[in-house]
Amino acid sequence: MEYINEAERKTKVLTEVDVVVAGAGPSGIVAAIAAARNGAKTVLIEQDFCIGSNITLGPLEAIMTFHDSSSQIVNGIPQEIIDQMKAEGGTSGHVKDTVGYCSTITPFDPEVFKTAVLEMLKKANVQMFLQTMLVGVIKEKSNIKGILIENKSGRQAILARQFIDCTGDGDLCVLAGEKFEMGRAQDGMTQPMTLLFKMGGVDVPLLKDYIRQNMTQFKFDKNLESPLDFKILHLWGFGDVLAKGFKTGRISLKRCEMHMITTGRENEVIINFSRVDGDGTNADDVTNAYIKSMAQIKELSDYLKDSLPAFKDAYILFTGKVGKRETRRIAGKYVLKGNEILNQTEFFDTVAKGAFPIDIHQPGGGGMYFELVTKAYNIPLRCLLAEHFENLLMAGRCISIDYKALASIRISASCMATGQAAGVTAALASVSNRNLLQVPIQEILDCIRKWEAVK
């Protein structure tokens, strides 16, 4: 077996399990539940202090998207999470997207998300380790034998049969030596990092009055007669306000639009505005993104309070963690391409679907490039299987896709769908001592469909 050094060879084995899931974001949570429900002894590790990643630490505007233009296309465990949150008063469920960018959005309370998901993980008997860093991989040729972790208890090893990389950055795969690509072809630049924030004290009725008087600034679903009557109001606009703020020097970031959503709670909105270019796998760049984003948020909030009457008494409630739209795309058995998303290409091994637009926040600029996706596209299992390893899968935004495909698949609901497929596949392979490629697609789909809550 290959170890990092002799000291690692003597590392204490903490536990031996069937499936290890690295990363407890949306894909990792669902992957761990799916694996455990299929009889696999499962461990979930997470470097943050809580589960959910951007879903809980965002603050994410909403979970997107469970539907295409005609039906629900993300189901099973992801829908169970929504149902559990709804039972606890943490979401109104799927609602129409007033912008019309996608079919539905799912507003939610991140604190209720935590409790709902923790209960589901507990019922599935998933063992969790929070505030735990993945620091190494033990491997033997094309087989991973274990991972090395580090936390307040020191450095330890976890051995397993199957491994799922849900870190977003593809950390487990890279530590194992798998190939990857990052950024766009011409210069390697990735979409900018962003820090979302929540404001309280916003006069939402007054905000709606402003929008009515400036409708040309905003994008709305042309099929909605009265979008401003919706309780959850997704907004994409404010171009004139931002242009004036930049021209007068009140805000230093030049943006063509700002994204905002009302939370459903009185006087609260979540704002998506800041942008900082950089490498999301580089600690210096991520730190710089946080520092610059905080400054951009302060500028914007001060400017909004002075410029829009609806924000006169507003204040910052919460600033989140640095959100990475993209980093590494791990090499898999197949690379899903952007044109295959737009053409709804069929695959013999489709195990998940998505329906979010191809959404590229331009690096080095203030605008966006997008192509709407109205019909569900297909994600093949081969995109979840690492190219050079027999027992390594990926789920979430680090799966095997090109730059354009990533711009759609990186969204939360799609990450959940790939996590579900990866978790099922890993468990079926582990408990029956099969190779990942020996698990029939129909067997995987049968396991997923037995959990479907909505037909």
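See the structure above.
Conventions and cut-offs
Residues numbered from 1 in each chain as written. Predicted model: local features only at pLDDT ≥ 70, side-chain atom pairs only at ≥ 80, totals over all residues. Heavy atoms only, no water. Salt bridge = Lys/Arg side-chain N within 4 Å of Asp/Glu carboxyl O. Helix = DSSP H or I, 4+ residues; strand = E, 2+ residues; numbered from the N terminus. Buried < 20%, exposed > 50% of the residue type's maximum accessible area, 1.4 Å probe, protein only. Pairing = 2+ DSSP bridges. Axes fitted to C-alpha atoms, helices over the stretch in contact; angles between N-to-C directions. Phe/Tyr/Trp six-rings, centres within 6.5 Å; stacked < 30°, edge-to-face > 60°. Lys NZ or Arg CZ within 6 Å of the ring centre and 35° of its normal.

Undergrad: When you look at the pattern of salt bridges in this model, what are you seeing that I'm missing?
TA: Pairing between side chains becomes possible if they bear opposite charge and their charged atoms approach one another. The final tally for this structure, using the stated rule, is 22 salt bridges. In this structure, the salt-bridge partner of Asp306 is Arg250, at a minimum N-O distance of 2.9 Å. Of the two residues, Asp306 sits in helix 9 (residues 283-307) while Arg250 sits in the loop between helix 8 (239-247) and strand 14 (258-262), which places them 56 residues apart along the sequence. Given a relative accessible area of 57%, Asp306 falls into the exposed group. Accessibility expressed as a relative area gives 34% for Arg250, which makes it partly exposed. In this structure, the salt-bridge partner of Asp302 is Lys305, at a minimum N-O distance of 4.0 Å. Taken together, the residues Asp302 and Lys305, both in helix 9 and three residues apart, mark about one turn of the helix. Through salt bridges with shared partners, one network takes in Asp169, Lys324 and Arg397.

Undergrad: Can you walk me through the sheet that holds strand 6 (residues 127-129) in this structure?
TA: Through backbone hydrogen bonds, the strands of a sheet pair up, either in parallel or in antiparallel fashion. Judged by pairing direction, the sheet is parallel, and its five strands sit side by side in the order 6-3-2-10-22 without closing on themselves. Looking at which strands have only one partner, the edges of the open sheet turn out to be strand 6 and strand 22 (392-394). Direction aside, the axes of adjacent strands within the sheet are offset by 20 degrees on average. Sheet topology note: the strand 10 (residues 162-165)/strand 22 ladder contains three bridges and is parallel. Residue pairing across strands places Phe163 opposite Leu392, the latter belonging to strand 22.

Undergrad: Help me out: how do you make sense of the environment of Ser27 in this one?
TA: One can find Ser27 in helix 2 (residues 26-37). We classify Ser27 as buried; its relative accessible area is 5%. Here the alpha-carbon distance between Ser27 and Ala407, two residues 380 residues apart in the chain, equals 16 Å.

Undergrad: Where do I start with the packing of aromatic side chains in this structure?
TA: Given two aromatic rings, their pairing is described by the distance between the two centres and the angle made by the two planes. A full pass over the atoms with the stated rule returns ten aromatic pairs. Summarising the aromatic geometry, the rings of Tyr210 and Phe238 are spaced 6.5 Å apart at their centres and angled 5 degrees between planes, so their arrangement reads as stacked. Residue Tyr210 is found in helix 7 (residues 204-213), and its partner Phe238 is found in the loop between strand 13 (234-237) and helix 8; the two are separated by 28 residues along the sequence. With respect to class, Tyr210 is no different from Phe238; both count as buried. Lying over the aromatic face of Phe180, Arg328 brings its terminal NZ or CZ to 5.4 Å of the ring centre.

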